[in-house]
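Observations on the three-dimensional arrangement
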Amino acid sequence: MKYKLIATDIDGTLLKDDKTLSARTLAAINRVREAGGIFAVSSGRTVHFCNFFEKVSGLKNLPFILYNGARVVDGPGHSVLFSQGLDRDTALWLINEGNRLKTTVIVWANDVLHVNEINERIEFYVKLALIDPVLITDPEEIVKNGADKILWFDEAERTPYLHSVLDASSIASKINHFTSDPRFMEIVDVNCSKALALEKLCRHYGIKREECIAVGDGFNDLPMIEWAGLGIAMANADDAIKQKADAVTLSNEEDGVAALIENYF
């Protein structure tokens, strides 16, 4: 096979809008694996999603890129291949600044979902996170060992402003930040991105960059789309993402991942 590994985003890419995995897509994934290829899931989601996804899909021992690249796991028990979190001081600054900006702050630390308030946003996020939230009472204690990632959940209209705050901040050189959803400002360590994680995964398997496909729909997917030998944007992606991709497949509602597998594998 020309391509030996395909890494796909989850929401808006692999899953339909109702968060289901179609029979066509599942069959395509199995076709890749049966032919000796590697199918990897690359997401902003957390380790809690791994077991859930494997259970509902029947796919076992997949490699997962989690927390937007802050962790890479693979094989039985989801052994950690790479992990890099935000340091304590950076994480604490992000919590305090999020509170000052009166935005909803979500902190993933030790695989626990910590939040600065319980509101409709958190009720929505919990459905994605598959874990109950814990209210932040002592920020310093929560991030004493750092944090996997921090998310500011706000109105989409405020996103450009939040980007500008981070770009002008004293921690700008220590973080990567991007949107996975127009309302989600995802913040990870500067040494983390889906592209960096995908590079580490390819190195683990002895796969060359040009033998790798990456596909997604969000701006957090753009680094891996640009890094991969073949970068694919979903039809439902923003035009700015499509312009930087090598090709565009069908939308997630039209089984775009299955279509590209059928075309390229």
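Higher on the page you've got the structure.
This is a predicted model, so every value here is computed, not measured.

All right, on to the environment of lysine 60 then. One can find lysine 60 in the loop between helix H3 (47-57) and strand E3 (64-66). In this structure lysine 60 comes out as partly exposed when scored by relative accessible area, which is 45%. Once the C-alpha coordinates of lysine 60 and arginine 45 are considered, the two residues, 15 residues apart in sequence, prove to be 18 Å apart. Discounting residues that sit within four places of it in the chain, lysine 60 has contacts with Arg33, Glu54 and Lys55.

Taken as a whole, helix H5 (residues 120-129) has its buried residues at Arg121, Ile122, Tyr125, Val126, Leu128 and Ala129. Looking down the long axis of H5, one finds its buried residues gathered within 155° of arc, a one-sided arrangement. Exposed side of H5, more than 90 degrees from the buried face: Glu120, Glu123 and Lys127 are the residues found there. On the buried face of H5, the contacting elements are H3, strand E6 (104-109), strand E7 (112-115), strand E9 (149-153) and strand E11 (184-189). In this structure asparagine 119 caps H5, since a side-chain oxygen of it lies 3.1 Å from the backbone nitrogen of arginine 121.

It is worth spelling out the pairing of strand E2 (residues 38-42) at this point. When a strand is regular, its side chains alternate between the sheet's two faces. Counting buried residues in E2 gives five out of five residues, a clear majority hidden from the surface. Burial of the side chains of E2 extends over both faces: Ile38, Ala40 and Ser42 are buried on one face and Phe39 and Val41 on the other. As paired strands, strand E1 (residues 5-8) and E2 are joined by four bridges and run parallel to one another. Its bridge partner being in E2, isoleucine 6 is matched across the sheet by phenylalanine 39. Summarising the sheet, E2 and E3 pair through two bridges and their orientation is parallel. Counted as the bridge partner of serine 42 is isoleucine 65 from E3. Each parallel crossover has a hand, and for E2 linked through H3 to E3 it is right-handed.

The rules we used
- Residues numbered from 1 in each chain as written.
- Predicted model: local features only at pLDDT ≥ 70, side-chain atom pairs only at ≥ 80, totals over all residues.
- Heavy atoms only, no water.
- Helix = DSSP H or I, 4+ residues; strand = E, 2+ residues; numbered from the N terminus.
- Buried < 20%, exposed > 50% of the residue type's maximum accessible area, 1.4 Å probe, protein only.
- Contact = heavy atoms within 4.5 Å.
- Arc of directions from axis to C-beta.
- Polar contact = N/O pair within 3.5 Å; in protein donor to acceptor, adjacent residues only side chain to side chain.
- Pairing = 2+ DSSP bridges.
- Right-handed = clockwise from strand over helix to strand, strands pointing away.

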